[in-house]
Amino acid sequence: MSSWRRRLVAAMGDELGRARGEARLLAERAAARAETERAGAERIIAEAGRKQTQLRTIHEKMTATLETRQAAAVRGGHAAALAAAAAAAPAAAGEPWPAWRLDSGLGRGPAPLLRVGRIQSSELPPGAPSPLPTPPTQLHARSNGLPSAVGDAGAEAVDGSYGAGASGRGAADGAGFANGVSGRFASSPSLAPSGDVIVTEGYDNSGAAVTTVSLPALVPLLDRAHLRIDSDAVHALPGLLLRAVGSVPAGLVRLHVYDPEHLGGSLSAFAALGKAGLLSFVGPSGLREALDSLVETVRRVNADVLAGEHASLADLAEATGRRPEPWRVLVLLNADLAAWPAHDQAQLARLRRTGVAAGVHLLVVGDDTAGPADLPRLCATGYTGLHAKEPAALVLDGPPPQRTVTAAAKAVAEKHRAGREPARLVDLLPQRLWSASSATGLTAAIGETPAGDVARLALGDNPPHALVGGPSGSGKTNLLYAWIAGLASHYSPDELALYLLDFKEGVSFARFASGRRDPTWLPHVRLVGVNINDDREFGLALLRHLKDELRRRAEAAKAHEATKLEELRAADPEGHWPRIVAVVDEFQVLLEARDAVTDEAVQLLEDLARRGRSQGIHLVLASQDIAGIEALWGRPSLVAQFTLRIALPKARRVLAENNHAADTVARFHAVVNDESGHTAANTPVALPNAGHADAWEPLQRRLWEARPAGNLPPALFDGDLVPDLTAAAPPPETALLGQTIDVAAGGAALALHRAPGRNLAVLGTRAVEAADILASAALTAAMAARRDGHRIGVDLCCLEPDTATAALALAAALEAEDAEVDWHDDLASLAGDWEARCDGAMRLNLIYAVDAGSARLDAPGTARLRAMLIDGPERHLHTLGWWRSVPRLREDLGGFSARFDAVDAWLALDVQGPELAPLSPASGGPAWYPRERRGLYFDRARHRAPQVVIPYRTAALLPQPAAVLDPS
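Residues numbered from 1 in each chain as written. Predicted model: local features only at pLDDT ≥ 70, side-chain atom pairs only at ≥ 80, totals over all residues. Heavy atoms only, no water.

A. Layout of the overall build of the chain. In terms of helices and strands, the chain carries 25 helices and 32 strands. Classification of the 968 residues of the chain by burial places 53% in the buried group. Of the contacts formed within the chain by residues at least 6 apart in sequence, a portion of 76% connects residues at least 24 apart. Working note: accessible area of the chain is about 42300 Å², and carbon and sulfur atoms make up 52% of it. (Helix = DSSP H or I, 4+ residues; strand = E, 2+ residues; numbered from the N terminus. Buried < 20%, exposed > 50% of the residue type's maximum accessible area, 1.4 Å probe, protein only. Contact = heavy atoms within 4.5 Å. Areas by Shrake-Rupley, 256 points an atom, 1.4 Å probe, with all protein chains shown as cover.)

Following this line, the structure appears as structure tokens:
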């Protein structure tokens, strides 16, 4: 082969090789690209799958959420409808007969609707969302007067939720009836635009799903409409009347039955009501009189009760909380209205037009077409009073069992004969706290008059003061609670100040002060006195405090040229001038003895009663028995100031000598008279139960939580409380012996300055109290000296073994106060060198049982003791000694003819008043009888008359005996 051929073959081989290589390269690239595309497609397909899964999940979640919301809406609407239903036909008005019982559900609002049966065929369609199973219960809702949330929830129907029908209210539209459900409840009529919302009686709960809802059929009658009942529904009449009578307080429904065919026999089960005046059967001859009487009742109610201020009794009851007139229902059974004379038909027409507003209702039974044809009609299968295009079919309840009607009628009659139920305390209180001004006086609701009006008590210029009387158990304390509640609710603490004192057992007012169980207090109260049956001085302390306040107000009024509190408040608006009410329960304890305490108390009462009215200070004196208080009734000018008289059952001489109204007043009532007991001014008042904790404690907590900033707990007079000595130091050169009985609860002070006679004698045999008096005096004097940087020395001499431990503990406590303490084993060593100890600084001699050591002194020793008592105070050495009797003190001072100038101050414990005659400024001694933890203190240099003090308890400031004997 030629060379070029070889070259051509080689070149073609090379090209073919290159082509094959390129082909292989292209194939590899195509395969790689295909693999890339395939992987991308797989990723896209996988992502699409994930997105599809996510969308499916979201769809499922959204579906579940919507179903959950739908079910929640059903449950929420049902729960709201349940709450609304319980308010419209509560208790006896709506309970089915198997569970029915007498129970008034009447509140401040209108009368309840009355059940007559149930709605027929209220069924949920298959697949409808089921609310949670709920036990069967009567349900209703009234759109008028209910909160909007309840009304909206009960009436609204949104995509499967259910609502309730409505009916009108009042005489004009015939009022209404439960008409069913809406939305997906296909068998239900449409909702009416307004009126009384009615919902179900409960569920028929079988298994996991609720399949039927039984709705109660409720008709309006009392305060809303008249009613006609057809013959085929006459069996609903006894139940309707029983629900009307049993669902309101006993006596508030009066039945007048005209039954010419059976003469009342068809309603004989209600006969027990007739004996109580709540039911009258009208015969054919009495029809005209009955109609005329009811028409006259309507006229009287319009003229005298409503008096143009309210459109109806329902509006009046809703505004005031109480109903002054009963409902009257005229039942006409087969009355043949067409045959009535024109006069009777005219009267019936008047009642139809005007009766509902005045509480007079017509209930016409039978198929008679004559008479008022526009009344709502109840038949066996329906009710025409609805504003609905297709009224729901009804299934009427059967009549109640005969024994149920008879028992209920007897129970209502008995309750009515027992007397009208008093108003609740909460119904007498104002809607808004502290909305009144006390500038012109004080007014508070305390109960109800027989006519149903709110009874109020006034204090001001006239009447200025009050007497309250009633024997034990008559409700006197309950009356005071109701009065205080009314005052404290109307007036703020800046407008009213209360001082409350209770003698005898004395715990009535304890709840108004802060305690361990209840830390709240009544913000208006400035003073509470409890457990003070033996301490009349607490009463004097209150009267003295009020007299000081009267003087302060009189001076302010004079400065502002004002004659009474109203003018003073106008002239001095920045001043603090609340009206003061002082309540003294069992005040006769303060006046029952013929002594100086009674004399001063009567003088203070006369002054406060006469001048207090113009300065806004009012007294309320309460007692179980005022008949025997000569100190009060023997002063006509004093009694005449108490023009407001309140007598509880069986109270004597509270109203007036010839006014015996309290002898016949019923239990839980009082006779109020604001004309000084004049018989014509008597007003019987039914009182609420204000003393029960459930009635009072919520009110006090509400008032306490609303108290203004800086409001402090009231001062406490507690006869059982022994005050502890605190670490507060008195003024310089002063010792405190005990707590005084006064509003300020100050200390009984002994001045220890350089002057003759500045010594103290503690008299009596009560060793513990005597030791406490000496300890409190020495400790407080030492605290004052330490505070002012002065030296003080104390010499202790304990001659009574029973007080040795207390004396040793006192010595240790005095050393802790930087006092120089010396201990003396006998009186001779104490009195022997007294002059050497006088170095200008104050020094105290504390001698326990002086008379136990003075009997052992020789003549020089006795002379030195007397010289120390006479001359020591001028050199700032003061003896605080305990003598166990007055004769022994006299003996140590020089015998029978001794003068007591060496001892200016004395504090008597268990020493009778006549025994103190040598020491007392009053002839025959002070009016004093010993009491535990009480002392009679007199300082010749400071007091005009002795005062009662409560010795401090000093144990808290003294170390334990073991610590004294073993300091390590």
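Resuming the write-up.
B. A look at the pattern of salt bridges. Per the stated rule, a full pass over the model turns up 47 salt bridges. As a salt-bridge pair, Asp-535 and Arg-934 come within 2.8 Å of each other at their nearest N and O atoms. Of the two residues, Asp-535 sits in the loop between β16 (525-530) and α11 (536-559) while Arg-934 sits in the loop between β30 (905-908) and β31 (935-939), which places them 399 residues apart along the sequence. The partner of Arg-786 in a salt bridge is Glu-817, with the nearest N and O atoms 3.4 Å apart. One end of the pair, Arg-786, is in helix α18 (residues 767-787); the other, Glu-817, is in the loop between α19 (804-816) and β27 (820-824), with 31 residues separating them in the sequence. Judged by its relative accessible area of 18%, Glu-817 falls in the buried class. (Salt bridge = Lys/Arg side-chain N within 4 Å of Asp/Glu carboxyl O.)

C. Representation of the packing of α18 against α19. Close contact between α18 and α19 brings their axes to 10 Å; oriented N to C, the two are set at 5°. Looking at the two axes, α18 sits roughly parallel to α19. Of α19, the residues touching α18 (which contributes Ala-771, Leu-774, Ala-775, Ala-778, Leu-779, Ala-782 and Arg-786) are Ala-806, Leu-810, Ala-813, Leu-814 and Ala-816. Residues belonging to the contact of α18 with α19 are distributed by class as follows: 11 nonpolar, no polar and 1 charged. (Axes fitted to C-alpha atoms, helices over the stretch in contact; angles between N-to-C directions. Parallel < 35°, antiparallel > 145°, perpendicular 65-115°, else oblique. Nonpolar A, V, L, I, M, F, W, Y, C, P; charged D, E, K, R; others polar.)

D. Local environment of the nonpolar core. Residues Leu-763, Leu-810, Leu-814 and Leu-916 are the most contacted members of the largest nonpolar core, which totals 120 residues. No other element matches the 13 residues that α18 contributes to this core. Counting 55 residues, the second largest nonpolar core, distinct from the first, contains Leu-237, Leu-242, Leu-267 and Leu-333. (Core = buried A, V, L, I, M, F, W, Y, C linked by side-chain atoms within 4.5 Å.)

E. Representation of a nonpolar patch on the surface. A surface patch of nonpolar side chains, about 320 Å² in accessible area, is lined by Leu-55, Ile-58 and Met-62. Turning to its location among the elements, Ile-58 is positioned in helix α1 (residues 3-88). Under the relative-accessibility criterion, Ile-58 is labelled partly exposed at 45%. (Patch = residues over 30% accessible without salt bridge, like charges linked within 9 Å, V, L, I, M, F, W, Y side chains within 5 Å.)

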